[in-house]
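# Per-entry structural report
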Amino acid sequence: AQSVAQPEDQVNVAEGNPLTVKCTYSVSGNPYLFWYVQYPNRGLQFLLKYITGDNLVKGSYGFEAEFNKSQTSFHLKKPSALVSDSALYFCAVRDDNSGNKLVFGAGTILRVKS
Amino acid sequence: SQTIHQWPATLVQPVGSPLSLECTVEGTSNPNLYWYRQAAGRGLQLLFYSVGIGQISSEVPQNLSASRPQDRQFILSSKKLLLSDSGFYLCAVGTSQPGELFFGEGSRLTVL
């Protein structure tokens, strides 16, 4: 079965510093990987995805993620964090060969302090 | 563009009472629809998904059921709520892009 792991419950970073939120995956076949963000008491919003092609994918709000096949990782990154980036971040993998069924990680809380 | 309406936004119900959460989608036809539950503000669990009217797939055995009476309507129900049913329930619709889901704003259920 497809799965993702987010090893950190929370990541703290100072505003202006680079941030990384970690995700590792376990899949059979080619991975379809995603990052979503959730602000308090809101639904999730799609940030970016990796399906094929360049290992560095760019997404919304200045975020990017690096796909690393040898390390089975898909870490989310941003060069300079903003206080407004504080939220709950989910890594996800597509569960089946078609459609949109996703398996989500447990989520990582990102806190950016000014 | 797609819009998802979920109601009620907040609900407090006693143990043993029934439940009905509704999700209505606009701006698309014949969508794949999903119900997720988020407990304790963290991980998401897929409860049900539907690829068409009357077609429901259940992901986990539980106290809940789902129905899809119309193309763009997805309902989550229970006959008798348990304390463990408390959580944040999110409806989502599949987009044309594989794996990309569009989520509603959620319904927060507290069972007392």
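Quick note: structure is the one above.
The present account deals with the structure reproduced in this document. (Residues numbered from 1 in each chain as written. Chains lettered and ligands numbered in written order. Predicted model: local features only at pLDDT ≥ 70, side-chain atom pairs only at ≥ 80, totals over all residues. Heavy atoms only, no water.)

Let us look at the interface of chain A and chain B. The partner chain B presents 24 residues to the 25 residues of chain A that form the contact. Taking both partners together, chain A and chain B bury about 1900 Å²; carbon and sulfur atoms supply 48% of that area. The partner of Glu59(B) in a salt bridge is Lys101(A), and the shortest N-O contact between them spans 3.3 Å. Where chain A packs against chain B, one counts nine residue pairs in polar contact (both at pLDDT 80 or more). At the level of elements, strand 5 (33–38), strand 6 (44–50), strand 10 (87–94), strand 11 (102–104) and strand 12 (108–113) of chain A are the ones that each hand at least two residues to the side of chain A that touches chain B. Looking at side-chain class alone, the side of chain A that touches chain B contains 12 nonpolar, eight polar and five charged residues. (Contact = heavy atoms within 4.5 Å. Buried area = accessible area lost by both parts, 1.4 Å probe. Salt bridge = Lys/Arg side-chain N within 4 Å of Asp/Glu carboxyl O. Polar contact = N/O pair within 3.5 Å; in protein donor to acceptor, adjacent residues only side chain to side chain. Helix = DSSP H or I, 4+ residues; strand = E, 2+ residues; numbered from the N terminus. Nonpolar A, V, L, I, M, F, W, Y, C, P; charged D, E, K, R; others polar.)

Attention now goes to the environment of Glu100(B). Positionally, Glu100(B) belongs in the loop between strand 9 (87–94) and strand 10 (101–103). Setting aside anything within four residues of it in sequence, one finds Glu100(B) in contact with Phe34(A), Tyr36(A), Phe46(A), Lys49(A), Asn100(A), Val93(B), Gly94(B) and Thr95(B).

It is worth spelling out the sheet that holds strand 8 (residues 73–78) of chain B at this point. Residues and elements named next belong to chain B. Spatial strand order, 1-3-8-7: four strands in an open sheet with antiparallel pairing. The strands lining the two open edges of the sheet, one partner per strand, are strand 1 (3–7) and strand 7 (65–70). In this sheet, adjacent strand axes meet at a mean angle of 20° when their direction is disregarded. One ladder, built from six bridges, connects strand 3 (residues 19–26) with strand 8; its direction is antiparallel. Considered in strand 8, the bridge of Cys23 is made with Phe74. (Pairing = 2+ DSSP bridges. Axes fitted to C-alpha atoms, helices over the stretch in contact; angles between N-to-C directions.)

Along the chain, the position of Gln73(B) falls in strand 8. Setting aside anything within four residues of it in sequence, one finds Gln73(B) in contact with Glu22(B), Cys23(B), Thr24(B), Leu33(B), Ser67(B) and Arg68(B).

Residue and element names in this part refer to chain A. Counted according to the given criterion, the structure contains two disulfides over all chains. Linked covalently through their sulfurs, Cys23 and Cys91 form a disulfide whose S-S length is 2.0 Å. Because the torsion about its S-S bond is -60°, the bridge between Cys23 and Cys91 counts as left-handed. One end of the pair, Cys23, is in the loop between strand 3 (19–21) and strand 4 (24–26); the other, Cys91, is in strand 10, with 68 residues separating them in the sequence. (Disulfide = S-S within 2.5 Å.)

Right, let's talk about the layout of surface pockets for a bit. For the second largest pocket, the calculated volume is near 160 Å³. Lining the second largest pocket are Tyr25(A), Ser26(A), Val27(A), Gly29(A), Asn30(A), Pro31(A), Tyr50(A), Ile51(A), Thr52(A), Phe67(A), Lys69(A) and Thr72(A). (1 Å grid on protein atoms, 1.4 Å probe; cavity = no way out; pocket = protein on both sides within 12 Å on 5 of 7 lines; lining within 4 Å. Points joined across faces, edges and corners; volume = space filled by probe spheres on them.)

Attention now goes to the side chain of Ser17(B). All names here are of chain B. Tracing the backbone through its elements, the reader meets Ser17 in the loop between strand 2 (10–13) and strand 3. Given the relative accessible area of 12%, Ser17 is considered buried. At 3.4 Å, the side chain of Ser17 and the side chain of Gln13 are in polar contact. Within the structure, the side chain of Ser17 is placed 2.6 Å from the backbone oxygen of Pro14, a separation counted as a polar contact. Not counting residues within four places of it along the chain, the set of residues in contact with Ser17 comprises Lys79, Lys80 and Leu81. (Buried < 20%, exposed > 50% of the residue type's maximum accessible area, 1.4 Å probe, protein only.)

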